[in-house]
Amino acid sequence: MTVLGKVDSSNLNGGQKLAVKYFTVALALFGAQILFGLLAGMQYLNPDFLFGILDFSVNRMVHINAMVVWLLFGFLGSVYWLLEDESGVPVVGLKLGNLAFWILTLAVVVVVLVYLLVQVGAGTHASIWLINEGREYIEAPRWADIGIVVCVLVFFYNVAASFTKGRYTGVGGVLVLDLVALAGIYLAGMYYTPNISMDQHWWWWVIHLWVEATWEVLVGCLMAYGLMVTLGVRRKIVETWLYIEVALMFGSGILGLGHHYFWIGTPEYWFAIGGFFSALEPIPLVAMVVHAVFDAGHHKIRSTNHPALAWIIAQAFGNFLGAGVWGFMHTLPQINLYTHGTQWTASHGHFAFFGAYVTMVIAFFYLAAQKWRGDVWMSGGLIGAWKWKWALALLQIGMLAMTMALLASGYEQSQIERAVGGSSWVGYFSAQGHHWFIQGMKWRQIGGWIFTLGFVLLVWDLMTIGRKETQPAKSLAE
Ligand code: HEM
Ligand code: HEM
Ligand SMILES: [Fe+2]
């Protein structure tokens, strides 16, 4: 029998049990991401810090690879979370799915250890296979790449076979098609060529077409499900929005790829294509924000899981601001000429990844916490509700502080290094030494500490939320 407020795996279905395993590893890797981000940030302020022991290049690499991997773990977990609800049948091939989880986790641990232990050396064909593929964000060596592909195929089999056996909802259909694209594009990042322009050309297929097309569609599906369970929004409404968003997203995001082809040796027509289509990319993000706000208003925000809903709303705004507005700012080639590769880019990178993806995965963490504790009522008036509220506030404030600090430094670089210094060597160093740049780096670090505090509180909250609650969550759909 379900005991309210007590963590018990028998409250979960098979897919959800696997989901909480993915969520646990995701949370641990999120912690690792933050730790290595803090170290890299400290090295900006004091370049001698850990030099020769844990170099900036290594910290940065672990920081961003951990981010990609933990978000993927979070997505896989979220899909397993909703799979049985949506398809109406127990996950097909769950045993294999469990095995894939352990293999994937083991591979990630080995890869991180190799990154930390083998920091310098010649790049050869052997090092591509065994140590590092050298492509930012997806640096895993090829053996791990192949392992990842196999595990993702198992995941895909679980998802597609379950929907096929049960029923295909609109969310299910979009999800399956999106996963084909998401997995297929990953292969482009494994292609090896010594030509750096060609290498970058294919590498962007993974990075851009992931975050600005296939990942966006994936979170669109998660958002649709999230709105149905937290607000009881009708399926017809969320699925109609989902189709519109997918059409707009692919319409602008695919050719928007051109905004990475301005300066890497690709043909000049990319200036026009990239500038035009990527400028349209904020439109689907506006649609998403309108959708969430409209639904929340329409249902007068009656929800049984306030923290999850708060993070879903944070996603709608974060996605629009971090990806849409911050991306739009530097996407026209006339502007990108000055901002390319400055802290301006890092400001957008942090805000977008956090706003669009971290938020949605945290919302699913809270959905999981609720059901794991026997489906307790989780409101703003919960005992210990200050924890989820402060975790939310500190993470948002920390991220905004980092984003703004990086933006200030980015402006300074665009001005001093590019506009005044003409992108010269001297210009680069006068920008790096400028007190506005250094101030920006200091404020980023302060934002980072605030963010870290928020993370600690988040973990604590996820472990304890709803423990003393005795009211059951009433189903709003009824
Ligand atoms: C959630 C969606 C998005 C995420 C996670 C994201 C993330 C990033 C990241 C991490 C980078 C830096 C890549 C590097 O290391 O060089 C980047 C670059 C860029 N992004 Fe986004 N982005 C998103 C959406 C957008 C959108 C919608 C636009 C345009 C409207 C945009 C425009 C750009 C541009 C122009 C660059 C190149 C910056 C440069 O030249 O240095 N992004 N993005
Ligand atoms: C304690 C908090 C954090 C600190 C101190 C921090 C610090 C850093 C530093 C120093 C870099 C290297 C920048 C460079 O090469 O110039 C970096 C890169 C990056 N970080 Fe963070 N970070 C933190 C949290 C996060 C979070 C939460 C995310 C997103 C979920 C994130 C996403 C990224 C991305 C996408 C890049 C690559 C940006 C680019 O190349 O444009 N970081 N971070
Ligand atoms: Fe892009």
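Let me begin by describing the structure that accompanies this report.

A few points about the packing of helix H1 (residues 14-45) against helix H13 (residues 343-372)
Piece 1. Running from N to C, H1 and H13 point in directions that differ by 150°, and their axes come no closer than 11 Å. In this view, H1 runs roughly antiparallel relative to H13, as classed from their interaxial angle. The handedness of the crossing between H1 and H13 is left-handed. Mapping the contact onto sequence places Gln16, Val20, Phe23, Ala26, Leu27, Phe30 and Tyr44 in H1 and Gln343, Val358, Ile362, Phe364, Phe365, Ala368, Lys371 and Trp372 in H13.
Piece 2. Tallied by class, residues from the contact of H1 with H13 come to twelve nonpolar, two polar and one charged.

Points about the coordination of the iron atom of ligand 2
Piece 1. In this structure, His63 (NE2) and His350 (NE2) serve as the protein donors to the iron atom of ligand 2, at separations of 2.0 Å.
Piece 2. Considering all six donor atoms around the iron atom of ligand 2, the spread of angles at the metal, 86 to 180°, places the coordination shape in the octahedral class. Taken together, the positions of His63 in helix H2 (residues 56-87) and His350 in helix H13 put the pair 287 residues apart, joining distant regions of the chain.
Piece 3. Take His63: its relative accessible area is 15%, and that puts it in the buried class.
Piece 4. A residue is classified by how much of its surface remains accessible, and His350, at 24% relative accessible area, is partly exposed.

Regarding the site of ligand 2
Piece 1. With respect to spatial proximity, 26 residues lie near ligand 2, and among them Gln33, Tyr44, Arg60, His63 and His350 are the closest.
Piece 2. Contact distances for ligand 2 include 2.5 Å between an oxygen atom and a side-chain N or O atom of Tyr44.
Piece 3. Every element with two or more residues in the shell around ligand 2 is listed here: H1, H2, H13, helix H14 (385-420) and helix H16 (435-464).
Piece 4. The element best represented in the shell around ligand 2 is H1, accounting for seven residues.
Piece 5. Each residue belonging to the shell around ligand 2 can be placed in one class, and the counts come to 14 nonpolar, nine polar and three charged.

So, the coordination of the iron atom of ligand 1
Piece 1. Protein coordination of the iron atom of ligand 1 is limited to a single donor, His348 (NE2), positioned at 2.0 Å.
Piece 2. Between the two metal centres, the iron atom of ligand 1 and the iron ion (ligand 3), the spacing is 4.3 Å.
Piece 3. By secondary structure assignment, the location of His348 is in helix H13.

What to know about the layout of surface pockets
Piece 1. As a volume, the second largest pocket reaches approximately 630 Å³.
Piece 2. The wall of the second largest pocket is formed by 35 residues, among which Leu72, Ile148, Val152, Tyr186 and Trp210 lie closest to the centre.
Piece 3. A per-element tally of the lining of the second largest pocket places H2 first, with ten residues.
Piece 4. Its residues placed into classes, the lining of the second largest pocket shows 33 nonpolar, two polar and no charged.

Here we look at the site of ligand 1
Piece 1. Lining the immediate environment of ligand 1, one finds 25 residues, of which Asn336, His340, Gly341, Thr345 and His348 sit closest.
Piece 2. Taking Gly341, its main chain carries an N or O atom lying 2.7 Å from an oxygen atom of ligand 1.
Piece 3. Taking His348, its side chain carries an N or O atom lying 2.8 Å from a nitrogen atom of ligand 1.
Piece 4. Breaking the shell around ligand 1 down by element, the ones donating at least two residues are helix H7 (196-231), helix H11 (306-329) and H13.

Comments concerning empty space enclosed by the protein
Empty space among the atoms becomes visible once a probe the size of a water molecule is rolled across them.
Piece 1. If you walk through the whole model with that rule in mind, you get one cavity of 30 Å³ or more.
Piece 2. Quantified by volume, the largest cavity comes out at close to 50 Å³.
Piece 3. In this structure, the largest cavity is lined by Val68, Tyr137, Val206, Ile207, Trp210, Val211, Trp215 and Phe353.
Piece 4. Ranked by residue count, the leading element in the lining of the largest cavity is H7, at five residues.
Piece 5. Classifying every residue of the lining of the largest cavity by side-chain character gives eight nonpolar, no polar and no charged.

Regarding the packing of aromatic side chains
Piece 1. Counted by the stated rule, this structure contains 38 aromatic pairs.
Piece 2. Between the aromatic rings of Phe23 and Phe365, the centroid separation amounts to 5.2 Å while the plane-to-plane angle is 75°, which identifies the pairing as edge-to-face. A residue pair is termed long-range when its members are at least 10 positions apart, and Phe23 in helix H1 and Phe365 in helix H13 qualify at 342 residues.
Piece 3. Residue classification places Phe365 among the buried positions, given a relative accessible area of 5%.
Piece 4. Ring geometry for Phe30 and Phe451: centres 6.2 Å apart, planes at 70°, overall edge-to-face. With a gap of 421 residues between them, Phe30 in helix H1 and Phe451 in helix H16 connect regions that are remote in the sequence.
Piece 5. By relative accessible area, which is 1% here, Phe30 ends up buried.
Piece 6. Accessibility expressed as a relative area gives 6% for Phe451, which makes it buried.

What to know about the nonpolar core
Piece 1. Judged by nonpolar contacts, the single largest core of 121 residues is most densely connected at Phe30, Trp81 and Trp215.
Piece 2. Here this core gets 19 residues from one element, more than from any other, and that element is H7.
Piece 3. If we skip the residues at most four places from it in the chain, Phe30 touches Trp70, Val358, Ile362, Phe451, Phe455 and Leu458.
Piece 4. Judged by nonpolar contacts, the second largest core, of ten residues, contains Phe36, Val58, Val62 and Tyr115.

Regarding unusual backbone geometry
Piece 1. Unusually for a residue other than glycine, Tyr137 sits at a positive phi of about 80°.
Piece 2. Relative to the helices and strands, Tyr137 is located in the loop between helix H4 (125-130) and helix H5 (142-165).
Piece 3. Here the phi dihedral of Asp375 falls at roughly 60°; this positive angle occurs in a residue that is not glycine.
Piece 4. Position of Asp375 among the secondary structure elements: in the loop between H13 and H14.

Rules and cut-offs
Residues numbered from 1 in each chain as written. Chains lettered and ligands numbered in written order. Predicted model: local features only at pLDDT ≥ 70, side-chain atom pairs only at ≥ 80, totals over all residues. Heavy atoms only, no water. Axes fitted to C-alpha atoms, helices over the stretch in contact; angles between N-to-C directions. Helix = DSSP H or I, 4+ residues; strand = E, 2+ residues; numbered from the N terminus. Parallel < 35°, antiparallel > 145°, perpendicular 65-115°, else oblique. Left-handed = near helix turned anticlockwise from the far one by under 90°. Contact = heavy atoms within 4.5 Å. Nonpolar A, V, L, I, M, F, W, Y, C, P; charged D, E, K, R; others polar. Donors = N, O, S within 2.8 Å, 3.2 Å for Na, K, Ca; no water. Tetrahedral: all angles 85-135°; square planar, octahedral: opposite > 155°, others 65-115°. Buried < 20%, exposed > 50% of the residue type's maximum accessible area, 1.4 Å probe, protein only. Near = heavy atom within 4 Å. Polar contact = N/O pair within 3.5 Å; in protein donor to acceptor, adjacent residues only side chain to side chain. 1 Å grid on protein atoms, 1.4 Å probe; cavity = no way out; pocket = protein on both sides within 12 Å on 5 of 7 lines; lining within 4 Å. Points joined across faces, edges and corners; volume = space filled by probe spheres on them. Phe/Tyr/Trp six-rings, centres within 6.5 Å; stacked < 30°, edge-to-face > 60°. Core = buried A, V, L, I, M, F, W, Y, C linked by side-chain atoms within 4.5 Å.

Honestly, that's just the spatial picture; any functional story needs more than this.
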